[in-house]
Amino acid sequence: MGQWEIFLSPYKQAVDELKVKLKGMRSQFGIVNANSPIEFVTGRVKPLASIYDKTLEKGLAFEPSKQLGDELGDIAGLRIMCQFVDDIATVTELIRQRKDMRVVEERDYITHNKPSGYRSYHMIVEYPVETIQGKKVVLAEIQIRTLAMNFWASIEHSLNYKYKGMFPEEIKNRLQSAAEAAFRLDEEMSSIRSEIQEAQAYFSEYKEASNPNLLSEKERDSQ
């Protein structure tokens with residue numbers, strides 16, 4: 001096993017465990033027949049190429065080390081998607097209250113979006129993993145955003161690779177306009193939140209009644 005594989009192993013374990021726990025939070029809302037603020041959860045360990053780019057940016061040695069783990073808070077990354085902007089505050093509070101992780105940093109790019117138009121809420125947490133060498137505490141970044149914010153961020157991320165961060169002025173302006181349009185969509189959907197959730201509940205009940213052999217969403221999530 002190579003040095004990098006050994007170094008990244010606890011981060012992979014952290015991502016796997018946190019995905020289970022965060023999805024478990026979603027399932028718990030279904031158990032009590034409450035609307036979940038969590039739509040779905042994804043996670044990944046930062047690829048070595050991205051770690052290398054970060055070390056250049058921060059002036060760090062590209063080698064496995066405690067300093068690297070302390071300086072890069074997003075080697076382990078989780079993403080929580082929400083339907084509504086208001087759900088983001090609910091999710092952040094749930095994470096703050098947990099005893100199995102400790103929030104060490106928060107960055108609010110929703111109230112204070114980046115100049116590019118990027119919006120998301122970032123939390124850096126300390127999370128302990130149990131390994132065969134004992135307990136190791138690693139940093140993990142949890143990004144919380146709406147589906148609209150995530151769509152915009154995914155497109156911007158792809159374009160950033162194409163243009164190496166040097167966007168043509170027209171593309172830059174269109175991205176900023178698209179970010180504002182996406183946020184207006186989020187605000188509009190929030191204004192009719194109750195109607196949307198009632199419709200979703202009705203559709204789920206109708207679907208289950210029409211297809212008794214299909215597992216309900218709640219049952220699927222519990223498996």
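Computed from a predicted structure; not experimentally measured.

*Asks:* Go over the sheet that holds strand β2 (residues 76-82), please, and point to the residues and values.
*Replies:* With respect to topology, 5 strands assemble into an open sheet ordered β1-β2-β5-β4-β3, the strand pairing being mixed. Every interior strand has two partners, whereas the edge strands, β1 (40-45) and β3 (102-108), have only one. Strand-to-strand twist across the sheet, computed as the mean angle between neighbouring axes with direction ignored, equals 25°. Pairing between strand β4 (residues 121-131) and strand β5 (residues 134-146): 11 bridges, direction antiparallel. Counted as the bridge partner of Tyr127 is Val138 from β5.

*Asks:* Any details on empty space enclosed by the protein? Residues and values, ideally.
*Replies:* One pass over the structure, following the stated rule, counts 1 cavity of 30 Å³ or more. Among the secondary structure elements, those contributing two or more residues to the lining of the largest cavity are α5 (147-163) and α6 (169-191). Residues of the lining of the largest cavity, tallied by class, amount to 7 nonpolar, 1 polar and 1 charged.

*Asks:* An account of the pattern of salt bridges is requested, with residue identities and associated values reported.
*Replies:* Counting across every chain of the model gives 11 salt bridges. Residue Arg96 is joined to Glu93 by a salt bridge in which the shortest nitrogen-to-oxygen separation is 2.8 Å. With Arg96 and Glu93 both in helix α4 (residues 85-97) and 3 residues apart, the pair spans about one turn of that helix. Judged by its relative accessible area of 36%, Arg96 is partly exposed. Across the salt bridge formed by Arg96 and Glu106, the nearest N and O atoms sit 2.9 Å from each other. Of the two residues, Arg96 is situated in helix α4 and Glu106 in strand β3; the sequence distance between them amounts to 10 residues.

*Asks:* Break down the nonpolar core for me, citing the residues and quoting the values.
*Replies:* A general tendency of soluble globular proteins is for nonpolar side chains to be buried together. In this structure, Ile80, Ile95, Ile142 and Ile144 are the most contacted members of the largest nonpolar core, which totals 37 residues. Of all elements in the fold, only α1 (3-31), β2, α4, β4 and β5 reach the threshold of two or more residues within this core. Not counting residues up to four positions away in its chain, the partners in contact with Ile144 are Ile80, Cys82, Ile88, Val91, Thr92, Ile95, Ile110, Ser120, Tyr121 and Met123. One finds Tyr109, Trp152, Phe167 and Ala179 within the second-largest nonpolar core, a separate group that totals 7 residues.

What counts, and where the lines are drawn
Residues numbered from 1 in each chain as written. Predicted model: local features only at pLDDT ≥ 70, side-chain atom pairs only at ≥ 80, totals over all residues. Heavy atoms only, no water. Pairing = 2+ DSSP bridges. Helix = DSSP H or I, 4+ residues; strand = E, 2+ residues; numbered from the N terminus. Axes fitted to C-alpha atoms, helices over the stretch in contact; angles between N-to-C directions. 1 Å grid on protein atoms, 1.4 Å probe; cavity = no way out; pocket = protein on both sides within 12 Å on 5 of 7 lines; lining within 4 Å. Points joined across faces, edges and corners; volume = space filled by probe spheres on them. Nonpolar A, V, L, I, M, F, W, Y, C, P; charged D, E, K, R; others polar. Salt bridge = Lys/Arg side-chain N within 4 Å of Asp/Glu carboxyl O. Buried < 20%, exposed > 50% of the residue type's maximum accessible area, 1.4 Å probe, protein only. Core = buried A, V, L, I, M, F, W, Y, C linked by side-chain atoms within 4.5 Å. Contact = heavy atoms within 4.5 Å.

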